[in-house]
Amino acid sequence: MAMTRAHWGSRLGFVLAASGSAVGLGNLWKFPYVTWENQGGAFVLVYLAAVVLLGVPIMTAEILVGRRAQLSPVPAFEKLGGGGWSAVGWLGVAAGGVIQSYYMVIAGWSLWSFYQCAGWSLGGYTSPADGAFGEFLANAPLQLSLTATFTLATAYIVWRGIGGGIETATKIMMPLLLAILLYLLGTALLMDGRDQALRMLFLPDFSTLRASSLLEAVGQAFFSLSLGLGAMITYGSYISKEESIFRSSVAVVALDTAVALIAAVAMFTIIFSVEGLSESLSGSTVGMLFVTLPELFYTQMPGGVLLAPAFYVLVAAAALSSTISLGEVVVSLFIDRMGWTRGKATLVATGVVFLGSILAALSVGAVPALSSFELFAGKAGVLSTLDHVAANLLLPLGGLGTTVFVGWFLGREDVREELGAFGQSAVFSVWLWLVRVVAPVAITALLIAVFMGKDFS
Ligand code: TRP
C-alpha cells in the first residue's frame, strides 16, 4: 500500500530542520571546550579536514539512504541492503539513546543560565563567587529537576509529532541565533584577548596531536553534524525528490561549522581578555558556555542586559531542536518495528533514556562514585564516559557502516539517480572515492590506532 509520506514544506525546510539538528550544544558548548582541551590550532585544522573529507560525503550518503528508502534507519537499511545491514541502524539507535541521556543534562544547564541571567538583568549583575559553578554541578536535586524539565519538553514535542512544528520553529530560531552569535563575535573581536585567541585557534602546532586527538576531532565532527546514527537518514526520508542532496549537505555542513568556529572565537577571546580567567579555567573548561559567557554579557557588551537572557533562550532552543531529532530516531523505530502508537513509543523511549539521564545528572559532582571513575583517561564520570563512547566510538562506527554500505553495496546507478545532476557531474567521482575509500580507511585506521595504542584520552 502506498502511503503518502510527509515532506518538508519548502526547499529550505530540510536545510533548516537538518541545521536545527546539527547546530546545538555540540557547537556552542562542546566544540569550544574540546578545542581548548586539545590546545587549538592543529586540532581545529584536523576538525576542518574531517568536516570536508568525512562530514560532507557521509551527510550526503545518509540523506541519500533515507530518501531512497523513504524509511527510518533500521527498516531503511533492511529494505535497501537486507537484514544484516539493519545492524548499522540498531547501532545508531543505541548511540542516539546514549547521547540523548547525557545531552539532556547539559541542555538543562542552559535553562539555569537563563534563569540566572534573567535575575541579573532585573536585579543587577553580581559576579558569582569562586566555585559557584562547581556547587551548581554538585546539587543533585537541581541537576535532576533541570534534566527532567528538558526531558519533558523534548518528549512533549516528539509526542506531538514534528510535522509543521519543527520546521516553523527552526525557521525562526536559526536566523535569530546566528544574528546574536554574530553580534557576540563582533563585540568580542573588539576586546584585548582577540589576537591570543585567534593565534590559539588558527596557528597549528602539530606537536600537540596524538592519534586520540585525531579520533576526537573526527568524533566531534560526527557529533556536531548529527551523523553516524541515522538522524539524517530519518530527516532525509522527508526530503522532496527535486532537492539536490549534495547541495543541501554542503549548506548544512557549512552552517554548522561556521557556528562552531564563531562560538569558539568569541569564547576564547573572552577568556583571554578577562584577567586570570585562562588559568582558572583549567579545572572547569566544561563550563565555558555557562560560566565565562555571562560575565561578558554584563561587563563588556552594550545591550547585554537584554541579550544575555535572550541568548540562553536560544541556546536552549538550539539544544531542543537537537534533542527532538535524537528522540525521533528512537521513537520512529518503536513505531515502525513494534507497531506502537506514537504516545506509547514516546513514553517508553523517554523512560528508558531518563534512567540514563539520572546517572549522568548525578555524575557531574553530586555522587562521587559516579563522578570520579575514569574508564578513559581524562574522561571522569558517567557523563564524560558516555559522551566519549558515543561520539568517539559509536558514531564513527556508524559512519563507517554507512559509507561502506553506500560505497560498495548500494547499486552505483541507484546512487547516481538519487543524487540527480550531481550524480552526473565530475565532482561525483571525487565524492564516490571519498565514500568508498577515504572515509572507511581513515575511520578504520584511527579506531585501530587508538585501540592498539591504548591511547584512550
Ligand atoms: N548535532 C547536535 C549538536 O551538535 C547533537 C545531535 C543531534 C546529534 N542529533 C544528533 C549528534 C544525531 C549525533 C547524531 O548538538
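Here is what the cut-offs are and how they apply
Residues numbered from 1 in each chain as written. Predicted model: local features only at pLDDT ≥ 70, side-chain atom pairs only at ≥ 80, totals over all residues. Heavy atoms only, no water. Core = buried A, V, L, I, M, F, W, Y, C linked by side-chain atoms within 4.5 Å. Buried < 20%, exposed > 50% of the residue type's maximum accessible area, 1.4 Å probe, protein only. Helix = DSSP H or I, 4+ residues; strand = E, 2+ residues; numbered from the N terminus. Near = heavy atom within 4 Å. Polar contact = N/O pair within 3.5 Å; in protein donor to acceptor, adjacent residues only side chain to side chain. Areas by Shrake-Rupley, 256 points an atom, 1.4 Å probe, with all protein chains shown as cover. Nonpolar A, V, L, I, M, F, W, Y, C, P; charged D, E, K, R; others polar. Patch = residues over 30% accessible without salt bridge, like charges linked within 9 Å, V, L, I, M, F, W, Y side chains within 5 Å. Salt bridge = Lys/Arg side-chain N within 4 Å of Asp/Glu carboxyl O. Phe/Tyr/Trp six-rings, centres within 6.5 Å; stacked < 30°, edge-to-face > 60°. Lys NZ or Arg CZ within 6 Å of the ring centre and 35° of its normal. Axes fitted to C-alpha atoms, helices over the stretch in contact; angles between N-to-C directions. Parallel < 35°, antiparallel > 145°, perpendicular 65-115°, else oblique. Left-handed = near helix turned anticlockwise from the far one by under 90°. Contact = heavy atoms within 4.5 Å. Expected span 1.5 Å × (residues − 1).

Trainee: Hey, could you run me through the nonpolar core in this one?
Mentor: Most often, soluble globular proteins keep nonpolar side chains buried together rather than apart. Residues Leu293, Phe297, Phe311 and Trp431 are the most contacted members of the largest nonpolar core, which totals 152 residues. The dominant element in this core, judged by the number of residues it contributes, is helix 15 (residues 304-338), at 18 residues.

Trainee: Help me understand the site of the ligand in this model?
Mentor: Around the ligand, 15 residues are found, and the nearest of them are Ala22, Gly26, Tyr103, Phe223 and Ser226. Within the backbone of glycine 26, an N or O atom sits 2.8 Å from an oxygen atom of the ligand. Within the complex, the protein chains bury 100% of what would otherwise be the 360 Å² of accessible surface of the ligand. The set of elements that each furnish at least two residues to the shell around the ligand consists of helix 1 (11-22), helix 2 (25-37), helix 10 (211-224) and helix 15. Of the residues in the shell around the ligand, the class split is seven nonpolar, eight polar and no charged.

Trainee: Just checking my understanding: could you explain a nonpolar patch on the surface for this structure?
Mentor: A cluster of nonpolar side chains, Trp408, Phe409, Val427, Val430, Trp433, Val437 and Val441, forms an exposed patch at the surface whose accessible area comes to about 700 Å². At the level of elements, helix 18 (381-409) and helix 21 (427-452) are the ones that each hand at least two residues to the nonpolar patch. At five residues, helix 21 tops the list of elements feeding residues into the nonpolar patch. On the secondary structure map, valine 441 appears in helix 21.

Trainee: Honestly, the packing of aromatic side chains in this entry has me stumped. Any pointers?
Mentor: Each pair of aromatic rings is reported with the distance of its centres and the angle of its planes. By the definition in use, this model includes 26 aromatic pairs. Pairing tryptophan 36 with phenylalanine 268 gives two aromatic rings, centres 5.1 Å apart and planes at 85°, and the pair type is edge-to-face. Residue tryptophan 36 is located in helix 2, and its partner phenylalanine 268 is located in helix 12 (residues 245-273); the two are separated by 232 residues in the primary sequence. Assigned by exposure class, tryptophan 36 and phenylalanine 268 land together as buried. Taken together through their ring pairs, the aromatic side chains of Trp109, Trp112, Tyr115, Phe133, Phe136 and Phe290 make up a single cluster. Taking NZ or CZ as reference, arginine 436 lies 3.8 Å from the ring centre of tryptophan 408, over its face.

Trainee: Mind showing me how you'd approach the packing of helix 3 (residues 41-69) against helix 21 here?
Mentor: To describe two helices that pack against each other, one gives the angle between their axes and the distance between the axes. With their axes 10 Å apart at the nearest point, helix 3 and helix 21 run at an angle of 115° to one another. Considered as vectors, helix 3 and helix 21 are oriented roughly perpendicular to each other. Considering only the axes of helix 3 and helix 21, their crossing is left-handed. Residues Leu53, Leu54, Pro57, Ile58, Thr60, Ala61 and Leu64 of helix 3 pack against Trp431, Leu434, Val435, Ala439 and Ile443 of helix 21. Across the contact of helix 3 with helix 21, the residue classes break down as eleven nonpolar, one polar and no charged.

Trainee: How should I be thinking about helix 18 in this particular structure?
Mentor: End to end, helix 18 covers 40 Å across 29 residues, agreeing with the expected 42 Å (1.5 Å per residue, within 8%). Counting buried positions along helix 18 gives 22 out of 29 residues, so the element sits mostly inside the fold.

Trainee: In this structure, what is going on with the packing of helix 5 (residues 86-123) against helix 14 (residues 288-299)? I would like to understand it.
Mentor: Interhelical geometry of helix 5 versus helix 14 gives an angle of 25° and a closest axis separation of 11 Å. Between helix 5 and helix 14, the angle falls in the class roughly parallel. When you trace helix 5 past helix 14, the crossing you get is right-handed. For the pair helix 5 and helix 14, the contacting residues are Ile106, Trp109, Ser110, Ser113, Cys117, Trp120 and Ser121 in the first and Phe290, Pro294 and Tyr298 in the second. Taken together, the residues that form the contact of helix 5 with helix 14 break down as seven nonpolar, three polar and no charged.

Geometric values such as these leave the question of function open.
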